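# Understanding the architecture of this molecule
As a plain string of letters, each chain reads:
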Amino acid sequence: MKKLLLLAALAVPLAACADMTPTQQRALTGTAAGAGVGAVFGAIGGNAGLGAAAGAGAGLVGGLLVDRSRQAQNRAFQEGYSAGRRGAPPTPPQ
């Protein structure tokens, strides 16, 4: 029974992320990781709740910055790939 509950506890969060966009997944990952780290540091400092809230905010911003970087990388790759297929030199990044 315990194994079944553990399996369900691991499967539900994964299934919940299945229909999320990559941006949403990165924002959620950053928020959750930031909240966890913030709670640990907040507990050391005496206020785990405040640390978790601050960490969640910082993690959200970090997750969105990572997403923006990945989107720019994907765009640059697609532009270069398309230019290569056409036989034209790719335009340099601005």
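It should be noted that the structure appears before, not after, this text.
Below is a short write-up of the structure.

## Topic: the overall build of the protein chain
Looking only at helices and strands, the protein chain features three helices and zero strands. The order of α-helices and β-strands along the protein chain, N terminus first, is α-α-α. A buried classification covers 13% of the 94 residues belonging to the protein chain. Taking the intrachain contacts of the protein chain between residues at least 6 apart in sequence as the baseline, contacts between residues at least 24 apart amount to 46%. For the protein chain, the computed accessible surface area is about 7,300 Å², with 69% contributed by carbon and sulfur atoms.

## Section: the pattern of salt bridges
Two side chains that carry opposite charge are able to pair once their charged atoms sit near each other. Counting across every chain of the model gives one salt bridge. The salt bridge involving Arg 26 is made with Asp 67; its shortest N-O contact spans 2.6 Å. With a gap of 41 residues between them, Arg 26 in helix H2 (residues 22-45) and Asp 67 in helix H3 (residues 48-86) connect regions that are remote in the sequence. Here Arg 26 falls in the partly exposed class, since its relative accessible area comes to 25%. For Asp 67, a relative accessible area of 4% puts it in the buried group.

## Quick word on H2
When the terminal C-alpha atoms of H2 are compared, their 34 Å separation across 24 residues agrees well with the 34 Å that a helix rising 1.5 Å per residue should span. Buried residues along H2 sit in contact with H3. After H2 finishes, the residue Gly 46 shows a positive phi value of roughly 110°.

## Here's the deal with H3
Compared with an ideal rise of 1.5 Å per residue, which puts 39 residues at 57 Å, H3 spans 56 Å between its outermost C-alpha atoms and is within 8% of the ideal. Taken together, the buried residues of H3 touch H2. Residue Gly 87 follows H3 closely and has a positive phi angle near 85°.

The rules behind each value
Residues numbered from 1 in each chain as written. Predicted model: local features only at pLDDT ≥ 70, side-chain atom pairs only at ≥ 80, totals over all residues. Heavy atoms only, no water. Helix = DSSP H or I, 4+ residues; strand = E, 2+ residues; numbered from the N terminus. Buried < 20%, exposed > 50% of the residue type's maximum accessible area, 1.4 Å probe, protein only. Contact = heavy atoms within 4.5 Å. Areas by Shrake-Rupley, 256 points an atom, 1.4 Å probe, with all protein chains shown as cover. Salt bridge = Lys/Arg side-chain N within 4 Å of Asp/Glu carboxyl O. Expected span 1.5 Å × (residues − 1).

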